[in-house]
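Spelled out from the first residue to the last, the chains are:
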Amino acid sequence: NNINFAFPVDGDMLGEKLNAKDIYVSKGSACSNIKLKRSHVLKALGLSDKRCDNSIRITISRFTTQDELDRAADEMIKIVKGMKKGGFIEKIFGK
């Protein structure tokens, strides 16, 4: 089962930060290993290019626990809040 989320932050950066916390997400199609493009499925659903760019995909299974889902949700909230406050930009560019 796949779940797609779009946040008001760059999806690539969000994905990298989640992956660094052992929460593995993706931007690309579940069945593709070629160069990542905007999801044609999300585009067909009417999402804008920006919303597609700000999206991440999480795959869950019957083996995914409630604790894992709770941890992923908590980390997403913390990371997105931190990125929106500008702390992420300041750390990267030294502003």
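Scope of this entry: the structure provided in the associated data block. Note that the structure is a prediction, hence the values are computed from the model and not measured. Numbering of residues begins from 1 in every chain and follows the order in which that chain's sequence is written. Confidence filtering applies because this is a predicted model: local features only for residues at pLDDT of at least 70, side-chain atom pairs given and counted only at 80 or more, and all residues used for totals across whole chains, interfaces and linings. Hydrogens and water molecules were not included; the side-chain quantities draw on all heavy atoms of the structure.

Most of strand β2 (residues 55-59) is tucked away, with 4 of its 5 residues classed as buried. As paired elements, strand β1 (residues 2-6) and β2 share 5 bridges and run antiparallel to each other. Bridge pairing links N4 to R57 in β2. Partly exposed residues are those whose accessible area sits between 20% and 50% of the maximum for their type, while under 20% is buried and over 50% is exposed, using a 1.4 Å probe and protein chains only. Strands here are runs of E lasting at least two residues and helices are runs of H or I lasting at least four, both read from the DSSP assignment and numbered beginning at the N terminus. Here the rule is simple: two strands pair whenever DSSP picks up at least two bridges between them.

Structurally, the position occupied by R57 is in strand β2. Buried charge without a partner: R57 forms no salt bridge, and the closest opposite charge is D12, 11 Å away. Any N or O atom pair separated by 3.5 Å or less is treated as a polar contact, with the protein-specific requirement of one donor-capable and one acceptor-capable atom, and with residues adjacent in sequence counted only for side-chain atom pairs. A distance of 2.9 Å separates polar atoms of two side chains, one belonging to R57 and the other to T59. Only four residue types enter the charge count: Lys and Arg as positive, Asp and Glu as negative, with His and the chain ends excluded. Think of a salt bridge as a Lys or Arg side-chain nitrogen and an Asp or Glu carboxyl oxygen that are within 4 Å of each other.

Take the environment of V41 next. Residue placement: V41 occurs in helix α2 (residues 40-44). Considered as a pair, V41 and C52 are 11 residues apart in the sequence and their alpha carbons are 9.8 Å apart.

This model, assessed by the stated rule, comprises 3 salt bridges. Of the charged contacts in the structure, one is a salt bridge between K21 and E75, with a shortest N-O distance of 3.9 Å. Taken together, the positions of K21 in the loop between α1 (11-20) and α2 and E75 in helix α4 (residues 66-84) put the pair 54 residues apart, joining distant regions of the chain. When its relative accessible area of 38% is taken as the criterion, K21 is described as partly exposed. Its relative accessible area of 12% is what places E75 among the buried residues. Residue K43 pairs with D49 through a salt bridge whose shortest N-O separation is 2.5 Å. For K43, a relative accessible area of 36% puts it in the partly exposed group. Taking relative accessible area as the criterion, D49 reaches 34% and is therefore assigned partly exposed. The network of salt bridges with common partners includes K21, E75 and K78.

Patches draw on residues past 30% relative accessible area with no salt bridge. Two like charges within 9 Å are joined, as are two nonpolar side chains (Val, Leu, Ile, Met, Phe, Trp, Tyr) within 5 Å. The protein chains shown are the only cover counted for residues, whose accessible areas, like all others here, come from Shrake-Rupley with a 1.4 Å probe. The location of each charge is read from NZ of Lys, CZ of Arg, CG of Asp or CD of Glu. Together, D67, E68, D70 and D74 make up a region of like negative charge exposed at the surface. Relative to the helices and strands, D67 resides in helix α4. D67 sits in the exposed class, given a relative accessible area of 63%.

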